[in-house]
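# Topology and contacts: notes
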Amino acid sequence: MERYDLVYQLYDEYDTGTLREYQAFVDVFPAVDSRVALEHWQDANEELERRKNEIRADFAAGETFAEIASRASRDQAFTALDLEAKYGRAVNVLVLDVDETLRSAGGTDNEIPRDTLHVLTEFHEAGVPIVICTGQTLENVKGFAIQGLGSEIVHSGELSIVYEAGTGVFTPGHGEATKQLLYEELDETIRNVFDDIRSRVLPEAPGDLRRGCHLQGNEFNVTMKPNYETGSSKVRETIDTALVYLIDLLADAVGTHLGDDIESEETVVDWTRAFYAAQDPEIRAVLESEGGYPDLDADELPATLESVLERIDVAYYEADAAEIGSLELNKVVGVERSLDVLGVDDPFSLVMGDSKSDLRVMRWVDENDAGISAAPEHASQDTLEHVLETDELVFDRGKSVDVLRTVYALNRLARLG
């Protein structure tokens, strides 16, 4: 029979909903020191195996279909079939953003759900490396990775962390390649500009901004985060002000390091604003609302200034952060370095993310036939459009596990050849 017919049979003739409930209970049942609770778990596990054995006995590839039915919904299984028919291969590495992807302040109380962590553990046990790819600092990521996945997985040699959106890569268990500070490979001019900005960003900030923001503890990027409650009008106003301040501070730092090769300070500020407004419509909207949008054509930007600005990224995350980073260091660069350290020579990745920095990785895997991409429904517009134009792997807020289960089913089907 065709695989589609077999999957129809599987979901039409068996109570797969109850099967998944038993599987979920067995998988995430908390460790408790209670004889009654453990007996309840044992009873559930025995019933789970009885139901799986029925499927194992009725299908030629019974083990595969039993595992798919116990973990993937009907829609997820058919999506997996479509992906297997389209690509003909299994996902061999996971590339995962964290905030608003694996976890969500609005959907999971900013915790990675236990069912998501369990599925990630299953991928690890199946030999699929995990690359955590985030804008967060290394120490933050290490902390929740060890807490959620366990020290054994984090230090297994099969997990890598791309942190600060690609400025560094941490892959425990790989000797001298364990920690790579990619920002140290930048030339002196760019490093000096960042050192200048970092040393001045809070001391020279206006009083209201200095009290309303703090610096994320980055090794290289300069990221201003609000001190106010997420989602409040005050936090939005603060980040908008911080964005304009960072752009102007960047202009001053670049002007200082270019010295006699650049025009007056006021002109540099206006050109820098015009350059980043042309790069990102959200930045232009903020500059316009703050009364700081210059009447200049970015295409006429002085070449000396452009040669520096085109290497520096200004990122705006509405009501969340304003950031200056290096365009030579992004998540794509970090992921490529991670894959090299992990020994993934022919990647077919699942990339999950919500922001413009994640979109760069998604476009990279698409252009290189190196994987598939998924995003939450609340992702940035460009990210969401890309995912809808490729494989339509969009998931509800806080439900990244749905895509992971789809890929679990894909990998099971791909093994059948």
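Since the structure is predicted, the reported quantities are computational estimates derived from the model, not experimental observations.

A grouping of Asp-297, Asp-299, Glu-300, Glu-306 and Glu-310 is seen on the molecular surface, where their side chains present a negatively charged patch. You can see Glu-300 is positioned in the loop between α13 (281-289) and α14 (303-309). Residue Glu-300 is classed as exposed on the basis of its relative accessible area, which comes to 56%.

With 13 residues, helix α9 (residues 188-200) should reach 18 Å at 1.5 Å per residue; the first-to-last C-alpha distance of 18 Å fits that figure. The set of residues buried in α9 consists of Ile-190, Val-193, Phe-194, Asp-196, Ile-197 and Arg-200. Summarising the axial view, the buried residues of α9 lie within an arc of 160°, below the 170-degree limit, and thus occupy one face. Where the residues of α9 are buried, they touch β7 (222-226), α11 (233-258), α14, β8 (312-317) and β9 (321-326).

This part covers the packing of helix α5 (residues 74-87) against helix α18 (residues 400-414). Where α5 contacts α18, the axes come no closer than 8 Å and their chain directions differ by 55°. Considering their axes alone, α5 and α18 lie oblique with respect to each other. Between α5 and α18 lies a crossing of right-handed hand. Contact residues: α5 offers Gln-76, Ala-77, Thr-79, Ala-80, Leu-81, Leu-83 and Glu-84, while α18 offers Asp-402, Arg-405, Thr-406, Ala-409, Leu-410, Leu-413 and Ala-414.

Glancing now at the pattern of salt bridges. Under the defined criterion, the tally for this structure stands at 37 salt bridges. The structure contains a network of salt bridges with shared partners spanning Glu-49, Lys-52, Arg-56, Glu-63, Glu-67, Arg-71 and Glu-122.

As a packed pair, helix α2 (residues 16-28) and helix α4 (residues 62-71) sit with axes 7 Å apart at the nearest point and diverge in direction by 80°. Put simply, α2 runs roughly perpendicular to α4. Contacts between α2 and α4 pair Thr-16, Leu-19, Arg-20, Gln-23 and Asp-27 from the former with Ala-66, Ala-69, Ser-70 and Arg-71 from the latter. A class-by-class count of the residues in the contact of α2 with α4 yields three nonpolar, three polar and three charged.

Cut-offs and rules
- Residues numbered from 1 in each chain as written.
- Predicted model: local features only at pLDDT ≥ 70, side-chain atom pairs only at ≥ 80, totals over all residues.
- Heavy atoms only, no water.
- Patch = residues over 30% accessible without salt bridge, like charges linked within 9 Å, V, L, I, M, F, W, Y side chains within 5 Å.
- Areas by Shrake-Rupley, 256 points an atom, 1.4 Å probe, with all protein chains shown as cover.
- Salt bridge = Lys/Arg side-chain N within 4 Å of Asp/Glu carboxyl O.
- Lys, Arg positive; Asp, Glu negative; His and termini not counted.
- Charge placed at Lys NZ, Arg CZ, Asp CG, Glu CD.
- Helix = DSSP H or I, 4+ residues; strand = E, 2+ residues; numbered from the N terminus.
- Buried < 20%, exposed > 50% of the residue type's maximum accessible area, 1.4 Å probe, protein only.
- Expected span 1.5 Å × (residues − 1).
- Arc of directions from axis to C-beta.
- Contact = heavy atoms within 4.5 Å.
- Axes fitted to C-alpha atoms, helices over the stretch in contact; angles between N-to-C directions.
- Parallel < 35°, antiparallel > 145°, perpendicular 65-115°, else oblique.
- Left-handed = near helix turned anticlockwise from the far one by under 90°.
- Nonpolar A, V, L, I, M, F, W, Y, C, P; charged D, E, K, R; others polar.

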